[in-house]
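Here is how the chains run, residue by residue.
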Amino acid sequence: RAVAVAALERVARVTALCRALRRSEHEGDEPGWARAREEVEATLRELREVVRPLREPGYGEALRRKAERARKRRLRLQRRKHEARAAKEEEAARAAEREAKIDQWRAKCIQEVEEKNREQELKAAADSVLSEVRKKQADTKRMTDVLRGLEKLRKLRKEAAARKGVCPPPSADEAFENQVESLKTLLKTRTELYEAEERALRVMLEGEQEEERKREMEKKQKKEREKLLQQKLEMDSKLFGDPAEFPLAHLLQPFRDYYLQAEHSVAALIQIRHEWDQYLVPADHPEGSCIPPGWVLPSLPTNDTWATAVR
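Everything quoted here is computed from the prediction, not taken from an experiment. (Residues numbered from 1 in each chain as written. Predicted model: local features only at pLDDT ≥ 70, side-chain atom pairs only at ≥ 80, totals over all residues. Heavy atoms only, no water.)

**Q** Go over the overall build of the chain, please, and point to the residues and values.
**A** Across its full length, the chain carries seven helices and zero strands. Reading the chain from its N end, one meets helices and strands in the order α-α-α-α-α-α-α. Taken over the C-alpha trace, the chain has a radius of gyration of 53 Å; the compact-globule value for 311 residues is 19 Å, which it surpasses by more than 25%. Projected onto the principal axes, the alpha-carbon positions of the chain cover approximately 175 × 80 × 35 Å. Within the chain, buried positions represent 11% of all 311 residues. For the chain, the share of sequence-separated contacts (at least 6 apart) that also reach a separation of at least 24 residues comes to 59%. When the accessible surface of the chain is summed, it comes to about 26300 Å², and 56% of that surface belongs to carbon and sulfur atoms. (Helix = DSSP H or I, 4+ residues; strand = E, 2+ residues; numbered from the N terminus. Rg over C-alpha atoms; globule rule 2.2 N^0.38 Å. Buried < 20%, exposed > 50% of the residue type's maximum accessible area, 1.4 Å probe, protein only. Contact = heavy atoms within 4.5 Å. Areas by Shrake-Rupley, 256 points an atom, 1.4 Å probe, with all protein chains shown as cover.)

Following this line, the structure appears as structure tokens:
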């Protein structure tokens, strides 16, 4: 590169001096023409000296090898740079996928903890209210027992006073009985109210438990559906290849479209079912067998050649 730059500088200088020569000759300036010619000759000698290494035997081949090494080095550096960038992008994608899975797992754990906390809080609140209702029922029962004891005590005192010849007026008995009946009515109303509250709370608790059982059943069914879907994907991958590895224009795509046409066309489903129904036989038929419930997976390769073709 340095030789080429130096040679181009001398060529540009010679070109400029040649124009000066022609101008001096046109103007008839002999001294200027002589000076310009001397400078041209000196510049040409410098140019010959500069390009002399290029004329040496083997210089071009060495230069070519050096340029080829430089080209290969550039290509190698570009390839390494590309590989490093691809590895970095792949690592970033894996990291993002791991982060997404971690976030999903964390969100699931948080949701489960929140649901469990809500369930415990609801249960604690229901237990607290139920305990309060039971406490009120116990107080009502105790007041009923106290009222019954008062009735028994008055009866005993009335009998003791009658033995001594002292009889209370009928108005006192009537006032006592009215007061007792009023208290009994009040206690009965409260007892019925507390029993209704207890039944409502029990129904609410049973409803919550039923909802919880329903949620658990839905989770279990969802897991079963995901498991069946994963099995179907694995089976389809074994039969038709992994769709993520093969583009739409892959040679297996026509076969995939043919065998899965019933999933997209009712007419195709009816036609395929009609063809299958022609071969329906009992399970113990000597000349046939019943239709399998799913795909018939191919057997494993029995030799290396077959295994190579499958791969």
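**Q** So, the packing of helix α1 (residues 2-27) against helix α2 (residues 30-51): which residues are in play, and what are the values?
**A** Remark: α1 packs on α2, axes separated minimally by 9 Å, with the N-to-C direction vectors making an angle of 160°. As the angle between them shows, α1 and α2 are arranged roughly antiparallel. The chirality of how α1 crosses α2 is left-handed. Between α1 and α2, the contacting residues are Val 3, Ala 6, Ala 7, Arg 10, Val 11, Arg 13, Val 14, Leu 17, Cys 18, Leu 21, Ser 24 and Glu 25 on the first element and Gly 32, Trp 33, Ala 36, Arg 37, Glu 39, Val 40, Thr 43, Leu 44, Glu 46, Leu 47, Val 50 and Val 51 on the second. The residue makeup of the contact of α1 with α2, split by class, is 15 nonpolar, three polar and six charged. (Axes fitted to C-alpha atoms, helices over the stretch in contact; angles between N-to-C directions. Parallel < 35°, antiparallel > 145°, perpendicular 65-115°, else oblique. Left-handed = near helix turned anticlockwise from the far one by under 90°. Nonpolar A, V, L, I, M, F, W, Y, C, P; charged D, E, K, R; others polar.)

**Q** Before we move on, could you go through the environment of Pro 57 and cite the residues and values that matter?
**A** Relative to the helices and strands, Pro 57 resides in the loop between α2 and α3 (59-163). Remark: the alpha-carbon pair of Pro 57 and Glu 115, spanning 58 residues in sequence, is separated by 87 Å.

**Q** Provide a residue-level description of a nonpolar patch on the surface, including the pertinent values.
**A** Taken together, Phe 255, Tyr 258, Tyr 259, Trp 295 and Leu 297 make up a surface patch of nonpolar side chains, about 550 Å² in accessible area. Along the chain, Tyr 258 turns up in helix α5 (residues 253-259). (Patch = residues over 30% accessible without salt bridge, like charges linked within 9 Å, V, L, I, M, F, W, Y side chains within 5 Å. Salt bridge = Lys/Arg side-chain N within 4 Å of Asp/Glu carboxyl O.)

**Q** How would you summarise the domain arrangement of the chain if you had to cite specific residues and measurements?
**A** Segmentation of the chain into domains returns domain 1 (1-79), domain 2 (92-240) and domain 3 (254-291). Measuring from the centre of the C-alpha atoms in domain 1 to the corresponding centre in domain 3 gives 84 Å. (Domains from an automatic or database assignment.)

**Q** Got a sec to walk through the environment of Leu 201? Specific residues and values, please.
**A** Mapped onto the secondary structure, Leu 201 falls in helix α4 (residues 170-240). By relative accessible area, which is 10% here, Leu 201 ends up buried. The spatial distance from the C-alpha of Leu 201 to the C-alpha of Asp 103 is 38 Å, given a sequence separation of 98 residues.

**Q** So what's going on with the packing of aromatic side chains? Which residues, and what values?
**A** Inspection of every chain in the model, using the stated rule, returns one aromatic pair. With a centroid separation of 5.1 Å and an interplanar angle of 80°, the aromatic rings of Tyr 258 and Tyr 259 are classed as edge-to-face. (Phe/Tyr/Trp six-rings, centres within 6.5 Å; stacked < 30°, edge-to-face > 60°.)

**Q** Which residues make up the side chain of Thr 140, and what values go with them?
**A** Position of Thr 140 relative to the elements: it lies in helix α3. Apart from the residues within four sequence positions on either side, Thr 140 is in contact with Leu 187, Arg 190, Thr 191 and Tyr 194.

**Q** A description of the UniProt feature "coiled-coil region" (unreviewed entry) in the chain should follow, citing residues and the corresponding values.
**A** Under the local residue numbering, the UniProt record ascribes the feature "coiled-coil region" (unreviewed entry) to residues 60-108 and 206-234. Spanning residues 60-108, this segment combines 100% helix with 0% strand, and its end C-alpha atoms are found 70 Å apart. Across residues 206-234 one finds 100% helix and 0% strand; the C-alpha atoms that close the span lie 42 Å apart. (UniProt positions renumbered as here; feature names shortened; annotations may be inferred.)

**Q** Outline the nonpolar core, listing residues and values.
**A** Counting five residues, the largest nonpolar core consists of Ala 6, Ala 7, Leu 47, Val 50 and Val 51. Looking at this core, the elements with two or more residues in it are α1 and α2. The dominant element in this core, judged by the number of residues it contributes, is α2, at three residues. Sequence-distant contacts of Ala 7, defined by excluding residues within four places in its chain, comprise Leu 47, Val 50 and Val 51. (Core = buried A, V, L, I, M, F, W, Y, C linked by side-chain atoms within 4.5 Å.)

**Q** Tell me about the side chain of Arg 10, and please be specific about residues and values.
**A** Within the secondary structure, Arg 10 sits in helix α1. Setting aside anything within four residues of it in sequence, one finds Arg 10 in contact with Thr 43, Glu 46, Leu 47 and Val 50.

**Q** Can you break down a positive patch on the surface residue by residue, with the values?
**A** Residues Arg 73, Arg 76, Arg 79 and Arg 80 make up a contiguous surface patch of positive charge. Turning to its location among the elements, Arg 80 is positioned in helix α3. Assessed through its relative accessible area of 51%, Arg 80 is described here as exposed. (Lys, Arg positive; Asp, Glu negative; His and termini not counted. Charge placed at Lys NZ, Arg CZ, Asp CG, Glu CD.)

**Q** Account for α1, with residues named and values stated.
**A** With 26 residues, α1 should cover 38 Å at 1.5 Å per step; its first-to-last C-alpha distance of 38 Å lies within 8% of that length. What α1 keeps buried is the set Ala 6, Ala 7, Arg 10, Val 14, Leu 17, Ala 20, Leu 21 and Ser 24. Where the residues of α1 are buried, they touch α2. In the stretch just after α1, Gly 28 is the one whose phi turns positive, near 80°. (Expected span 1.5 Å × (residues − 1).)

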